[in-house]
Amino acid sequence: MIRTVESEPHVSPPVLAAYSYCEAVTGRQARNFAYGIRLLPTPQRRAMSALYAFSRRVDDIGDGALDDGVKVARLEETRALLTRIREDEVAEDDTDPVAVALSHAAGAFPIPLGGLDELIDGVLMDVRGETYETWDDLKVYCRCVAGAIGRLSLGVFGTEPGARGVDRAPEYADTLGLALQLTNILRDVREDAEGGRTYLPADDLAKFGCSSGFSGPRPPEGSDFAGLVHFEVRRARALFAEGYRLLPMLDRRSGACVAAMAGIYRRLLDRIERDPEAVLRGRVSLPGREKAYVAVRGLSGLDARHVTRRTVRRRV
């Protein structure tokens, strides 16, 4: 996927207002994401905010207090809106700023909007209360709600001309999304349990004596909760290692954005690994100074160079 947009054309006031709305939503609702996309040029940053705002709308329907039947209807209405966006039927003066911004972004960048259909499918899985017996089962869900976001983002980033192995860029973007989602699942294990949801595979829970679930600040009696967490952390690290092969295929600022977002989650994994029970006591997060350090590493290209060297060594 070669970059096709070199400079920003004129953007009308209604579209600018729509993008501003989406950026405000992103800043309020997704601090880690907003922190990462600050590193992008303005057109890409706006497009990523539009993608986030639409995705946030889908997630909010799934996480809300509506009856399941109403949620399904709302999700299908959102899918119909996506069809209008795909068919370029949203006017610049439309009253829905998210639709206006996403429609403009889809016209400026080769965004594979079908990924948002996948996101809706994943949220419908939540509404139906699906559980996952194996990692292969959970991967289907993760690819819908996170892998698809990686592929959508790649449509905004583009790839560098002449980058080696660029045909595998969507695969790596998808895998990086899985790594981020598994980290989210570990971080939110108690919050999800309180909401009646279990994402970790049932066979993993059984293996470590955690099938009774997580209803309080302590692990289930007699379980090897630390063993479960360390097992999932190793799985997430392997996904990160594979997904990071995307970085050398991106330009400097896009690579910095991806490295910053992924780096934040990798450091969350470090914290979770050091103190597994922390995820049962509250949400694990990083202080602002540590996020700034991650951004500096991304801008310096350290992560991309590290991945490139490691890939070369493996091939040799």
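In what follows, the structure referred to is the one given above.
A brief structural summary.

**Quick look at the overall build of the protein chain**
Consideration 1: Helix and strand content of the protein chain: 15 helices and 0 strands.
Consideration 2: For the protein chain, buried positions account for 51% of its 316 residues.
Consideration 3: Counting contacts in the protein chain only where the partners sit at least 6 residues apart, residues at least 24 apart contribute 74% of the total.
Consideration 4: For the protein chain, the accessible area works out to roughly 14500 Å², and carbon and sulfur atoms hold 50% of it.

**A closer look at the environment of Pro219**
Consideration 1: Here Pro219 shows up in the loop between α10 (202-207) and α11 (225-243).
Consideration 2: Relative accessible area serves as the criterion here: at 22%, Pro219 is assigned to the partly exposed category.
Consideration 3: A C-alpha to C-alpha distance of 9.7 Å links Pro219 and Gly209, two positions 10 residues apart in sequence.
Consideration 4: Those residues in contact with Pro219 that lie beyond four places of it in its chain are Phe225, Glu277 and Leu280.

**So, the packing of aromatic side chains**
Consideration 1: Tallying each qualifying case throughout the model produces 6 aromatic pairs.
Consideration 2: Where Phe208 meets Phe231, the ring centres are 5.7 Å apart and the plane angle is 45 degrees; that geometry is what we call tilted. You can see Phe208 sitting in the loop between α10 and α11 and its partner Phe231 sitting in helix α11, a full 23 residues away along the chain.
Consideration 3: Residue classification places Phe208 among the buried positions, given a relative accessible area of 13%.
Consideration 4: Aromatic side chains Phe240 and Tyr244 sit 6.4 Å apart centroid to centroid with 80 degrees between the ring planes, which places their arrangement in the edge-to-face category. Residue Phe240 shares its accessibility class with Tyr244, and that shared class is buried.
Consideration 5: Each member of the aromatic cluster is reached from another via a ring pair, and the members are Tyr132, Tyr141 and Tyr199.
Consideration 6: Sitting over the ring of Tyr244, Arg266 keeps its end group 5.0 Å from the ring centre.

What counts as what
- Residues numbered from 1 in each chain as written.
- Predicted model: local features only at pLDDT ≥ 70, side-chain atom pairs only at ≥ 80, totals over all residues.
- Heavy atoms only, no water.
- Helix = DSSP H or I, 4+ residues; strand = E, 2+ residues; numbered from the N terminus.
- Buried < 20%, exposed > 50% of the residue type's maximum accessible area, 1.4 Å probe, protein only.
- Contact = heavy atoms within 4.5 Å.
- Areas by Shrake-Rupley, 256 points an atom, 1.4 Å probe, with all protein chains shown as cover.
- Phe/Tyr/Trp six-rings, centres within 6.5 Å; stacked < 30°, edge-to-face > 60°.
- Lys NZ or Arg CZ within 6 Å of the ring centre and 35° of its normal.

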